[in-house]
Amino acid sequence: MCVVGAGAGGAVVAAELAEGGADVIVLEQGPDHDADRFTARPAQMLPRLYREGGQTVTLGDPPIGLPLGRGLGGTTLVNSGTCFRTPPEVLERWHREFGLELDEPVMRPHFERVERALSVSEVTPELAGNNAAVARRGAERLGWSHGYLRRNAKGCVGSGVCAFGCPTSAKQHTGITYIPRARAAGARILTGVDVRKVLVNRGRGVGVQARDAEVRAGTVIVAAGTINTPVLLARSGLAGESGQLGRNLSLHPATAALARMDEIVDMARGVPQSFYVDEFSREGIMFEGIAGPPSYVALSLPLSGARHAEVMSQYRHLVQLGLMVSDGSHGRVHGLAGHPVVNYSLSAEDLKKFRTGLARIDQLLRAAGAREVFLPLGPGIRPETAQARDLKLVGFHPLGTARADSRREHGVVDGSLKLHGVDGVYVADGSVVPSALGVNPQLTIMALATRLAFSLLGKPAQPTP
Amino acid sequence: MREILDEFVAAGPALQRPALRALLTLARRPRGQALLASLPLAQQAADSLVAMAYYDDPARSRALGWDAEAVVRRGRELRHREGRP
């Protein structure tokens, strides 16, 4: 079996298949990163750990940054490690709208198995640090629902640089968990391999064509990520029948506000993303803590010149909180000269969520005692009048470009994640997730990959790896 | 600082590199800065990148309470002591 990509989906499916006795080869485009080369310096690590140096941007209103990890571990290497199970109401929607039999009892053993494999547990207030404590104070004063996040980390000491290479290897990304398991079970893991095509003969997958090699395999599992999987499938002349390939892109667009406190916060001492406020989750609005070293803050501080320098000199007093919107907007990915081009514009409905969310984040930070709040808007722009072009957004969770739907005219893969109309070719990454989740998606992707692996092995998943 | 920015720009998408290089060149020159002053979004993008590189310097970030070298050293010791990957 040939797995293309070693991120949240590919690494998981490869390890489970290899441990189940399958002959597995994993082809990863990026490198195998050495934690000894992590420097805890964001500007240095962005070009090394991120696809296109973390500068991938959508075309549309507004342009949105798409930070995607590159290498063994994929984006799990650079995410904050936040773990949410797929919300039950989302699973119900998938059943209702996409005909997917993925209700909570079906998914539970897969979630449990992943959570044990990755040592998922709730962050303690001590480890969360002062950035979370400030957000918690604001939420408590306003009576807003909140809590500490669950993360895939073991022996974390709060280095504060999850997104730039964990220096203690505490974050249990798939490059140091599932990939070693796959390797130990006999899987061959090749890095620096650029897969160009999935090969199909008489309606059945027979392997892949890379730049310098061809791999023959009876089963191909594409896990190149939400942005690259549709381009690879299109280049292979596959999955075009439904017209859905590359469409239905959701991004979970996010932004963040900074604030200056009287107290010393030292935001990067502790777990950067450790706390959430879900008071408005039914409206599609979620707040999650976010933090980082000075150079990271300098990049996101919405000021210029002397004013920027003045606020940066108060770095130890700065606090940051992120705002994520569960988007109804739909974008599209297509290939141009072999490279993905992403079109996405924010809908009026999602713009409204950002306006509301920014006003509430301002309210929360002031309730926590902020002296000054720096919303991610240009000078003189208030949340209630902000236009899409005024927002500085990042999309951390792209999903949906090869969506699962039981009906072949509506989806790219079926409920078992097999390509409609082609035998032996499956997809196991965020692209199959058919709708926005409203929460961080890595656990959903990993659980779906686990389910795929056990279905290919023809046996049920046990909760304990 | 220039080296950091060069590495950052070189890693970016091919189509964006020339625009980013031009933006950073303007930001480094007084006349360029005057021009950018009339383009607030471009100015903020350029300022943000220059600031990211500026504060990535270990001595500057240490002065603000963030010691990257100590974080890395502690991580390395912990990994080696506990046999972490």
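For the structure, see preceding data.
Not measured: the values here are computed from a predicted model. (Residues numbered from 1 in each chain as written. Chains lettered and ligands numbered in written order. Predicted model: local features only at pLDDT ≥ 70, side-chain atom pairs only at ≥ 80, totals over all residues.)

Asks: Quick question: what am I supposed to make of the overall build of chain B here?
Replies: Check the secondary structure of chain B and you find six helices and zero strands. Start at the N end of chain B and walk to the C end: the helices and strands fall as α-α-α-α-α-α. Here the C-alpha atoms of chain B give a radius of gyration of 17 Å, more than 25% beyond the 12 Å that 2.2 N^0.38 yields for 85 residues. Principal axes of the C-alpha set define a box for chain B whose edges measure 55 × 30 × 20 Å. Taking all 85 residues of chain B together, the buried fraction comes to 31%. For chain B, contacts bridging at least 24 residues in sequence account for 22% of all contacts bridging at least 6. (Helix = DSSP H or I, 4+ residues; strand = E, 2+ residues; numbered from the N terminus. Rg over C-alpha atoms; globule rule 2.2 N^0.38 Å. Buried ≥ 20, exposed ≤ 12 C-beta atoms within 10 Å, placed from the backbone. Contact = placed C-beta atoms within 7 Å.)

Asks: Could you clarify how one ought to interpret the overall build of chain A in this entry?
Replies: The helix and strand inventory of chain A stands at eleven helices and 20 strands. Computed over its C-alpha atoms, the radius of gyration of chain A comes to 21 Å, within 12% of the 23 Å expected for a compact globule of 465 residues. Taking the principal axes of its C-alpha atoms as reference, chain A extends roughly 65 × 45 × 40 Å. Looking at chain A as a whole, 61% of its 465 residues are labelled buried. Within chain A, residue pairs in contact and separated by at least 24 positions form 75% of the contacts whose partners lie at least 6 positions apart.

Asks: How should the interface of chain B and chain A be read in this particular structure?
Replies: When the parts of a complex come together, some accessible area is lost, and that lost area is often taken as the interface size. Contacts between the two partners involve 32 residues from chain B and, on the opposite side, 37 residues from chain A. Of all the secondary structure elements, the ones that give two or more residues to the side of chain B that touches chain A are helix H1 (2-11), helix H4 (40-55) and helix H6 (68-82) of chain B. At ten residues, the largest contribution of residues to the side of chain B that touches chain A is made by H4 of chain B. For the side of chain B that touches chain A, the per-class residue count stands at 17 nonpolar, eight polar and seven charged. (Nonpolar A, V, L, I, M, F, W, Y, C, P; charged D, E, K, R; others polar.)

Asks: What is the right way to look at the pairing of strand S8 (residues 195-201) of chain A in this model?
Replies: Direction of pairing for S8 of chain A relative to strand S9 (residues 204-210) of chain A: antiparallel, over a ladder of six bridges. Across the sheet, valine 200 of chain A pairs through a bridge with glycine 205 of chain A, a residue of S9 of chain A. (Pairing = 2+ DSSP bridges.)

Asks: Whenever I open this one, the nonpolar core confuses me. Can you help?
Replies: General note: in soluble globular proteins, nonpolar side chains tend to be found buried as a group. Residue and element names in this part refer to chain A. Within the largest apolar cluster, 179 residues are counted, with the highest numbers of intra-cluster contacts made by Val13, Ala14, Ala182 and Val222. The element that contributes the greatest number of residues to this core is helix H11 (residues 442-457), accounting for ten residues. Apart from residues no more than four positions distant in its own chain, alanine 14 is found in contact with Val3, Val24, Val26, Ala182 and Ala187. (Core = buried A, V, L, I, M, F, W, Y, C linked by C-beta atoms within 7 Å.)

Asks: Looking at this structure, I do not really get unusual backbone geometry. What am I missing?
Replies: Outside of glycine, negative phi angles account for most residues, and trans bonds account for most peptide bonds. Residues and elements named next belong to chain A. Note the cis peptide between aspartate 61 and proline 62, where omega equals -5 degrees. Here proline 62 is to be found in the loop between helix H2 (42-49) and strand S3 (64-65). Here histidine 252, not a glycine, exhibits a phi torsion of approximately 55 degrees, which is positive. Considering the arrangement of structural elements, one finds histidine 252 in the loop between helix H7 (229-235) and strand S12 (253-260). Looking at histidine 252, the number of C-beta atoms within 10 Å reads 22, which means it is buried.

Asks: Hey, could you run me through the pairing of strand S15 (residues 318-325) of chain A in this one?
Replies: The two faces of a sheet get side chains in turn, since along a regular strand they alternate between them. Residues and elements named next belong to chain A. When you tally the buried positions in S15, you get eight out of eight residues, the bulk of the element. With burial as the criterion, each face of S15 is covered, one bearing Leu318, Gln320, Gly322 and Met324 and the other bearing Val319, Leu321, Leu323 and Val325. Across seven bridges, S12 lies against S15 in antiparallel orientation. Residue pairing for S15: alanine 257 is matched across the bridge by leucine 321. Both strand S14 (residues 285-289) and S15 contribute to a ladder of five bridges, which runs antiparallel. When the bridges of S15 are listed, methionine 286 appears paired with methionine 324.

Asks: Looking at this model, I keep getting lost on the environment of aspartate 327 of chain A. Mind explaining?
Replies: Residue and element names in this part refer to chain A. Along the chain, aspartate 327 falls in the loop between S15 and strand S16 (332-336). Note: C-alpha distance between aspartate 327 and aspartate 350 (23 residues apart in sequence) is 6.0 Å. Setting aside chain neighbours within four positions, we find aspartate 327 in contact with Ser250, Leu251, His252, Pro253, Asp350 and Ala436.

Asks: I tried to follow the packing of helix H5 (residues 125-142) of chain A against helix H10 (residues 348-367) of chain A on my own but got confused; where do I start?
Replies: Between two packed helices, both the angle of their axes relative to each other and the distance between the axes serve to describe the pair. All names here are of chain A. As a packed pair, H5 and H10 sit with axes 7 Å apart at the nearest point and diverge in direction by 100 degrees. It follows that H5 is roughly perpendicular to H10 by the angle criterion. On H10, the residues that touch Ala135, Gly138, Ala139, Arg141 and Leu142 of H5 are Gln363, Leu364, Leu365 and Ala367. Each residue belonging to the contact of H5 with H10 can be placed in one class, and the counts come to six nonpolar, two polar and one charged. (Axes fitted to C-alpha atoms, helices over the stretch in contact; angles between N-to-C directions. Parallel < 35°, antiparallel > 145°, perpendicular 65-115°, else oblique.)

Asks: I'm lost on the environment of histidine 173 of chain A in this one. Help?
Replies: All names here are of chain A. You can see histidine 173 is positioned in the loop between strand S6 (150-152) and helix H6 (178-184). For the pair histidine 173 and serine 80, spaced 93 residues apart in sequence, the C-alpha separation works out to 9.8 Å. Leave out the neighbours within four places in its chain, and histidine 173 touches Gly73, Thr76 and Leu77.

Asks: Looking at this model, I keep getting lost on the sheet that holds strand S11 (residues 220-222) of chain A. Mind explaining?
Replies: Sheets are built from strands that pair by backbone hydrogen bonding, the pairs being arranged parallel or antiparallel. Residues and elements named next belong to chain A. The five strands lie next to each other as S7-S2-S1-S11-S20, forming an open sheet whose pairing is parallel. In the strand order of this sheet, the two ends are held by strand S7 (188-191) and strand S20 (425-427), each with one partner. Each strand axis lies, on average, 20 degrees off the axis of its neighbour in the sheet, ignoring direction. Examined bridge by bridge, strand S2 (residues 25-28) and S7 share four bridges and lie parallel to one another. Residue pairing across strands places valine 26 opposite isoleucine 189, the latter belonging to S7.

Asks: When you look at H4 of chain B in this model, what are you seeing that I'm missing?
Replies: Quick reminder: α-helices carry 3.6 residues per turn. Residues three or four places apart thus point the same way. In a regular helix each residue adds 1.5 Å, so 16 residues correspond to 22 Å; H4 of chain B covers 22 Å between its end C-alpha atoms and thus fits that length. Looking at H4 of chain B, one finds that the buried residues are Gln44, Ala46, Asp47, Leu49, Ala51, Met52, Ala53, Tyr54 and Tyr55 of chain B. (Expected span 1.5 Å × (residues − 1).)

No statement about biological role is implied by the geometric values presented.
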